[in-house]
Amino acid sequence: MPGIASFHLTTWHGTGAAWAHLGRDRLALGRVPGLEFVRLLGTGRGSSTRRGATTSRTAMFAVWRDEAALDDFVAGHRVAARWRAAREHWSVRLRGAGGHGAWRGVEVPARLARGSDAGPVAVLTRADVRRAARRRFGRAGGPVDDELAAARGLLAVVAIGEAPIGRLGTFSLWESLDAMRTFAASARHAEVVARTRRERWYGEEMFARFEPYGSTGAWDGRDPLA
């Protein structure tokens, strides 16, 4: 049966706390009932999608068997309890709204219940950048990152990444599907996407759209979906 996904963003007390929580939570999430896929992630600084990581914030993306499994996790698991004690935490539930590709071999878009793309849209992009392409990827990405930050209809964005180096992505929220598509169709963005195909920058990639619902908490002091 199709499941649901969730995305969680946590800012911890103290500089350097992110790495400790990533290691601790990875062990704690080993046997959570109904948790079918999970990735623990570092994040970029603030809303910047350029290279660079913060040591005080982490993210988690997960796929759940059903709503009840996520409800049980949030209500009773020690990882969720640590989120509640953090300096700031924001989470959102996600139904599928299209996409392609895989994350560590898992075709995430195909595993989710279908949602609507008539309202706000969440987008998760991620890729394993080949070592030989990392310098080209970095040079090409800077102008696109600036364009993204100024895009009309962007509600919030965070850069995400996981070990080892080169596994990179973004999670973003848009006021509408049209706003997201307008950015995606811009000449600069379209040219970089074409280069990723032509020059084979990625070993694995995924692009997924979601219907975001049930958001709670704060992201940089507010809920961008409120």
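Cut-offs applied
- Along each chain, residues carry numbers from 1 onward, in the same order as the chain's sequence is written.
- Only residues with pLDDT of at least 70 get local features here, since the model is predicted, and only at 80 or more are side-chain atom pairs given and counted; chain-wide, interface and lining totals rely on the full set of residues.
- Only hydrogens and water are set aside when side-chain values are computed; all heavy atoms of the structure are taken into account.
- The axes used here are C-alpha line fits, helices contributing only the stretch in contact, and every angle between their N-to-C directions lies in the interval 0 to 180 degrees.
- For the purposes of this entry, the term helix denotes a DSSP run of H or I that reaches at least four residues, the term strand denotes a run of E that reaches at least two, and both are numbered from the N terminus.
- In these notes the angle categories are as follows: under 35 degrees is roughly parallel, over 145 is roughly antiparallel, 65 to 115 is roughly perpendicular, and the rest is oblique.
- In this scheme the crossing of two helices becomes right-handed for a clockwise turn of the near helix relative to the far one and left-handed for an anticlockwise turn of less than a right angle.
- Contacts: residue pairs with any heavy atoms within 4.5 Å of one another.
- Exposure classes here rest on a 1.4 Å probe applied to the protein chains alone. A residue is buried below 20% of its type maximum, exposed above 50%, and partly exposed in between.
- Here a polar contact is taken to be a pair of N or O atoms separated by no more than 3.5 Å, where protein atoms must pair a possible hydrogen donor with a possible acceptor and residues adjacent in sequence count only if both atoms sit in side chains.
- The definitions used throughout rest on a 1 Å grid laid over the protein atoms alone, on which a cavity is an enclosed set of points accommodating a 1.4 Å probe that cannot get out and a pocket is an open set flanked by protein within 12 Å on both sides along at least five of seven lines; lining residues are those having an atom within 4 Å of a point.
- Grid points are joined across faces, edges and corners, and a volume is the space filled by probe spheres set on the points.
- The residue classification treats Ala, Val, Leu, Ile, Met, Phe, Trp, Tyr, Cys and Pro as nonpolar and Asp, Glu, Lys and Arg as charged. All others, Gly included, are polar.
- Multiplying 1.5 Å by the helix residue count minus one yields the expected span of that helix.
- What the arc describes is the spread of directions from the helix axis to the C-beta atoms.
- We treat Lys and Arg as the positive residues and Asp and Glu as the negative residues; His and chain ends play no part in the count.
- Whenever Lys or Arg places a side-chain nitrogen within 4 Å of a carboxyl oxygen from Asp or Glu, that contact is recorded as a salt bridge.
- Two strands are counted as paired when DSSP detects at least two bridges linking them.

**Student:** I'd like to hear about the packing of helix 4 (residues 134-149) against helix 6 (residues 187-198), residue by residue, with values.
**Tutor:** At a closest axis distance of 9 Å, the pairing of helix 4 and helix 6 adopts a crossing angle of 155°. Here helix 4 is positioned roughly antiparallel relative to helix 6, judged by the angle of their axes. Crossing of helix 4 against helix 6: the hand is left-handed. Together, Arg 136, Ala 140, Pro 143, Val 144 and Glu 147 of helix 4 and Arg 188, His 189, Val 192 and Arg 195 of helix 6 make up the contact between the two elements.

**Student:** An account of the environment of Asp 71 is requested, with residue identities and associated values reported.
**Tutor:** In this structure, Asp 71 sits in helix 2 (residues 67-76). Among the residues examined, Asp 71 registers a relative accessible area of 37% and is labelled partly exposed. Side chain to side chain, Asp 71 and Arg 93 meet in a polar contact 2.7 Å long.

**Student:** Explain the environment of Arg 39 to me, and be specific about the residues and the numbers.
**Tutor:** Along the chain, the position of Arg 39 falls in strand 2 (residues 35-43). Arg 39 sits 22 residues away from Phe 61 along the chain, and the two C-alpha atoms are 5.4 Å apart. Ignoring sequence-local partners within four residues, the contact set of Arg 39 consists of Ala 59, Met 60, Phe 61, Trp 103, Arg 104 and Glu 162. Within the local environment of Arg 39, its side chain forms a polar contact with the side chain of Glu 162, the two groups lying 2.8 Å apart.

**Student:** Can you explain empty space enclosed by the protein? Please cite residues and give values.
**Tutor:** Here the structure, examined in full by the defined rule, presents two cavities of 30 Å³ or more. Its boundaries defined by the atoms lining it, the largest cavity holds a volume of some 60 Å³. Of the residues in the lining of the largest cavity, the class split is six nonpolar, four polar and one charged. For the second largest cavity, the calculated volume is near 40 Å³. Every residue lining the second largest cavity is listed: Leu 9, Thr 10, Thr 11, Arg 57, Glu 88, Trp 90, Ala 218, Trp 219 and Asp 220. The set of elements that each furnish at least two residues to the lining of the second largest cavity consists of strand 1 (4-11) and strand 4 (88-101). Broken down by element, the lining of the second largest cavity gets its largest block of residues, three residues, from strand 1.

**Student:** I'd love a proper account of helix 6, names of residues and values included.
**Tutor:** For an α-helix, the turn length of 3.6 residues means that residues three or four places apart are oriented alike. If you check helix 6, its first and last C-alpha atoms are 16 Å apart, about what 12 residues at 1.5 Å a residue would give, namely 16 Å. The set of residues buried in helix 6 consists of His 189, Val 192 and Thr 196. One side of helix 6 holds all its buried residues, which, seen down the axis, span an arc of 65°. Exposed residues lying more than 90 degrees from the buried face of helix 6 are Ala 187 and Arg 198. At the C-terminal side of helix 6, Arg 200 shows a positive phi close to 55°.

**Student:** How would you summarise the side chain of Arg 209 if you had to cite specific residues and measurements?
**Tutor:** Along the polypeptide, Arg 209 turns up in strand 8 (residues 202-217). Here Arg 209 occupies a buried position and makes no salt bridge, while the nearest side chain of opposite charge, Asp 117, is found at 4.2 Å. There is a polar contact of 2.8 Å between the side chain of Arg 209 and the backbone oxygen of Ala 97. With sequence-adjacent residues up to four places away left out, Arg 209 is seen in contact with Arg 95, Gly 96, Ala 97, Gly 98, Asp 117, Val 121, Ala 122, Val 123, Leu 177, Met 180 and Arg 181.

**Student:** So what's going on with helix 2? Which residues, and what values?
**Tutor:** Within the span of helix 2, buried status applies to Ala 69, Leu 70 and Phe 73. For helix 2, the buried positions fall inside an angular range of 95° around the axis, keeping them on one side. Residues of helix 2 that are exposed and point more than 90 degrees away from the buried face comprise Asp 72, Ala 75 and Gly 76. In this fold, the buried residues of helix 2 make contact with strand 1, strand 3 (57-64), helix 3 (78-84) and strand 4.

**Student:** Would you mind going over the sheet that holds strand 7 (residues 167-174) in detail, with residue names and values included?
**Tutor:** Within the closed barrel, the eight strands sit side by side as 1-3-2-6-7-5-8-4. Their pairing is antiparallel. Neighbour to neighbour, the strand axes of the sheet diverge by 30° on average, direction disregarded. Summarising the sheet, strand 1 and strand 3 pair through eight bridges and their orientation is antiparallel. Across the sheet, Ser 6 pairs through a bridge with Ala 62, a residue of strand 3. Sheet strands touched by helix 4: strand 5 (121-129), strand 6 (154-162), strand 7 and strand 8. Its angle to strand 6, the strand with the most contacts, is close to 160°. Along the sheet, helix 5 (residues 177-184) contacts strand 5, strand 7 and strand 8; its crossing angle with strand 8, the most-contacted strand, is approximately 150°.

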